[in-house]
Amino acid sequence: KNQVEQSPQSLIILEGKNCTLQCNYTVSPFSNLRWYKQDTGRGPVSLTIMTFSENTKSNGRYTATLDADTKQSSLHITASQLSDSASYICVVSDRGSTLGRLYFGRGTQLTVWP
Amino acid sequence: EADIYQTPRYLVIGTGKKITLECSQTMGHDKMYWYQQDPGMELHLIHYSYGVNSTEKGDLSSESTVSRIRTEHFPLTLESARPSHTSQYLCASSESSGSTDTQYFGPGTRLTVL
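Residues numbered from 1 in each chain as written. Chains lettered and ligands numbered in written order. Predicted model: local features only at pLDDT ≥ 70, side-chain atom pairs only at ≥ 80, totals over all residues. Heavy atoms only, no water.

It is worth spelling out the nonpolar core at this point. Side chains of nonpolar character tend, in soluble globular proteins, to be buried together. Judged by nonpolar contacts, the single largest core of 25 residues is most densely connected at V4, Y25, L33, W35, L75, Y88 and V92 of chain A. The set of elements that each furnish at least two residues to this core consists of β3 (19-25), β4 (30-38), β5 (45-51), β7 (62-67), β8 (72-77), β9 (86-94) and β11 (108-113) of chain A. Dropping the residues within four chain positions of it, V4 of chain A is found in contact with C23, N24, Y25, V27, C90, V92, Y103, F104 and G105 of chain A. Residues I4, L11, I13 and L76 of chain B belong to the second largest nonpolar core, which totals 18 residues. (Core = buried A, V, L, I, M, F, W, Y, C linked by side-chain atoms within 4.5 Å. Buried < 20%, exposed > 50% of the residue type's maximum accessible area, 1.4 Å probe, protein only. Helix = DSSP H or I, 4+ residues; strand = E, 2+ residues; numbered from the N terminus. Contact = heavy atoms within 4.5 Å.)

A separate point is the environment of S80 of chain B. As for its placement among the helices and strands, S80 of chain B is situated in the loop between β8 (76-78) and β9 (87-94). Not counting chain neighbours up to four residues away, the residues in contact with S80 of chain B comprise G16, K17 and H85 of chain B.

What follows concerns the sheet that holds strand β6 (residues 56-59) of chain A. Residue and element names in this part refer to chain A. Reading across the sheet, the five strands line up as β1-β3-β8-β7-β6 and stay open at both edges, with antiparallel pairing between neighbours. Each edge of the open sheet is held by one strand with a lone partner, namely β1 (4-7) and β6. The sheet shows a mean angle of 15 degrees between the axes of neighbouring strands, taken without regard to direction. Bridge count between β3 and β8: six bridges; the pairing is antiparallel. Bridged to Q22 within β8 is S74. (Pairing = 2+ DSSP bridges. Axes fitted to C-alpha atoms, helices over the stretch in contact; angles between N-to-C directions.)

Bringing the pattern of salt bridges into the picture now. Taken as a whole and judged by the stated rule, the model has seven salt bridges over all chains. R106 of chain A is the salt-bridge partner of E42 of chain B, the closest N and O atoms lying 3.0 Å from each other. On the criterion of chain membership, the pair formed by E42 of chain B in the loop between β4 (31-37) and β5 (44-51) and R106 of chain A in the loop between β10 (102-104) and β11 is interchain, its members lying in two chains. Its relative accessible area of 48% is what places R106 of chain A among the partly exposed residues. A salt bridge links E79 of chain B to K18 of chain B, with the shortest nitrogen-to-oxygen separation between them at 3.9 Å. With E79 of chain B in the loop between β8 and β9 and K18 of chain B in the loop between β2 (10-13) and β3 (19-25), the pair connects residues that are 61 residues apart, well separated along the chain. A relative accessible area of 49% means that E79 of chain B is categorised as partly exposed. (Salt bridge = Lys/Arg side-chain N within 4 Å of Asp/Glu carboxyl O.)

Given below as structure tokens:
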């Protein structure tokens, strides 16, 4: 069964600290993996996208890694800011259909305290 | 910032009412999607469209219907709302550029059925 599991479910850190969010997936065949940021009451916004051949991708203070062999990804946030408080969603796309079926994780709820 | 809009942002209605959730995008994207998301849960695809006059049901069974008469417009209709329809509804769109096309999400409509 194709699944995307994220950990931790929630995380609280102090402003300025770093953190790492985890994503494990069983989706096959694999096409790409995205990390989205979803602010409360808003739609998700894409942070990074990685295909099979890419193992790291950065977007400012966000760095995503991908290990396609172990089917694991992580999102590292450096020097956290209050505005980083949001849900971070891991989304994996398969190659099994023209649509490129997306499998969503439940997200990690990050809270940054001052 | 993605040019995709949803109205209303919040809606509280009584059981049995007919409602239409609006979604419009100005990016000229062919593909559009409707997702349902409950708090702390993953997004579930309920409808999608490849283009004008094309609509398909998603993975999650839904009593809602959609139409795609114009490229930019993808409304979702519930003929008779019930409390079980209470949820957040997210609209998204993407270009038809292969398997790595990023979905751009609207801000969502939070629906409460009393």
